[in-house]
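# Overview (structure and organization)
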Amino acid sequence: MADWTEWWQLEFFRNALAASVLASVLCGVVGTLVVLRRLVALSGSIAHAAFGGLGAAFYGGFDPRLGALGVALGAAAALAGLDARSSERQDAALGVLWAVGMAVGMVFVHLAPGYPPDLLAFLFGNVLLVRSADLAVAAAATMVVLVTFAIAARGLVAVAFDEDQARLDGRPVTLLRFVLLALVALSVVVLLQLVGIVLVVALLSIPPLVALRLARGLGAVVATATVIALATTAGGLALAMVLDWPPGPVMVLLGAALLGLSRLVPPPAARPAARNRAEGTR
């Protein structure tokens, strides 16, 4: 049986758990907007483009997160300028961004002097390697996301639900789209160390998808998604420690299991109708 007291005494476990909590907040807030706005594929493209920034940072000898964040924000700005109604252009841009980002990153990693970095840690993450400095950066990024969301919540929600209606209401749709994608980019960079580039989209999308089956109303969905994300990340971390498996994939598999279980629950909109039908048969 796992000795939780011994685990808590380990600094790397405490750091990993704190990182899981911060990531859960990002997944609850930003992930909900990603799912509502149907930006899952776009988020994946930003994540893979960020790998190009990681490679460039290794080649230049500076903090990989800065390279990843710079490229991710650049990708967000480029994608925000595309007309969301032109699906063919957007799909093509996402495909190019996805492939070019990975290719550029691999080239820079190959050219970087010295020993090559552990690519698996970036592709699939390793939350057990989170340091106190990493936590400070993640906490600052989470605060930026929360403050930005609090300031621009109405506009972001309007764009997420109906971009055309937001434009008719006189809202700055292009700017709000960029702000939304910038929040996605920032969240992606924070989540890279937890689950890596390959799995970051799953962590952003699974908790809101589960929450949409359990809650009704945007505030309730965001809160529920945050709780589900915490159960996924912290639970996945504990399960990985017990099984001696890599934490990132375990987190995603646990989230997938919760998503599968949530499919057994009728969506909130269907519950009153089901209850009325049951009462009518009495």
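Whatever comes next refers back to the structure up there.
Residues numbered from 1 in each chain as written. Predicted model: local features only at pLDDT ≥ 70, side-chain atom pairs only at ≥ 80, totals over all residues. Heavy atoms only, no water.

Attention shifts here to the overall build of the protein chain. Check the secondary structure of the protein chain and you find 12 helices and zero strands. Reading the helices (α) and strands (β) of the protein chain from amino to carboxyl end gives α-α-α-α-α-α-α-α-α-α-α-α. Sorting the 282 residues of the protein chain into buried and exposed places 45% on the buried side. In the protein chain, the share of contacts with a sequence separation of at least 24, taken over all contacts with a separation of at least 6, comes to 76%. Approximately 13600 Å² of the protein chain is accessible, and the part contributed by carbon and sulfur atoms is 68%. (Helix = DSSP H or I, 4+ residues; strand = E, 2+ residues; numbered from the N terminus. Buried < 20%, exposed > 50% of the residue type's maximum accessible area, 1.4 Å probe, protein only. Contact = heavy atoms within 4.5 Å. Areas by Shrake-Rupley, 256 points an atom, 1.4 Å probe, with all protein chains shown as cover.)

Another aspect to go through is the packing of helix 9 (residues 173-214) against helix 10 (residues 218-243). Interhelical geometry of helix 9 versus helix 10 gives an angle of 135° and a closest axis separation of 8 Å. In terms of orientation, helix 9 lies oblique with respect to helix 10. Of the two elements, helix 9 crosses helix 10, and the hand of that crossing is right-handed. On the side of helix 9, the interface is formed by Leu194, Leu203, Pro207, Pro208, Val210, Ala211, Leu212 and Leu214, while helix 10 contributes Val221, Thr224, Ala225, Ile228, Ala229, Thr232 and Thr233. (Axes fitted to C-alpha atoms, helices over the stretch in contact; angles between N-to-C directions. Parallel < 35°, antiparallel > 145°, perpendicular 65-115°, else oblique. Left-handed = near helix turned anticlockwise from the far one by under 90°.)

On the secondary structure map, Thr32 appears in helix 2 (residues 11-36). Overall, Thr32 belongs to the buried group, its relative accessible area being 2%. At a separation of 2.6 Å, a polar atom in the side chain of Thr32 contacts the main-chain carbonyl oxygen of Gly28. When near neighbours in sequence (up to four residues on either side) are disregarded, Thr32 contacts Cys27, Pro208, Leu218, Val221, Val222 and Ala225. (Polar contact = N/O pair within 3.5 Å; in protein donor to acceptor, adjacent residues only side chain to side chain.)

A cluster of nonpolar side chains, contributed by Leu239, Val242, Leu243 and Trp245, occupies part of the molecular surface with about 380 Å² of accessible area. Judged by its relative accessible area of 37%, Leu243 falls in the partly exposed class. (Patch = residues over 30% accessible without salt bridge, like charges linked within 9 Å, V, L, I, M, F, W, Y side chains within 5 Å. Salt bridge = Lys/Arg side-chain N within 4 Å of Asp/Glu carboxyl O.)

Read these as layout, nothing more, since geometry by itself doesn't imply function.
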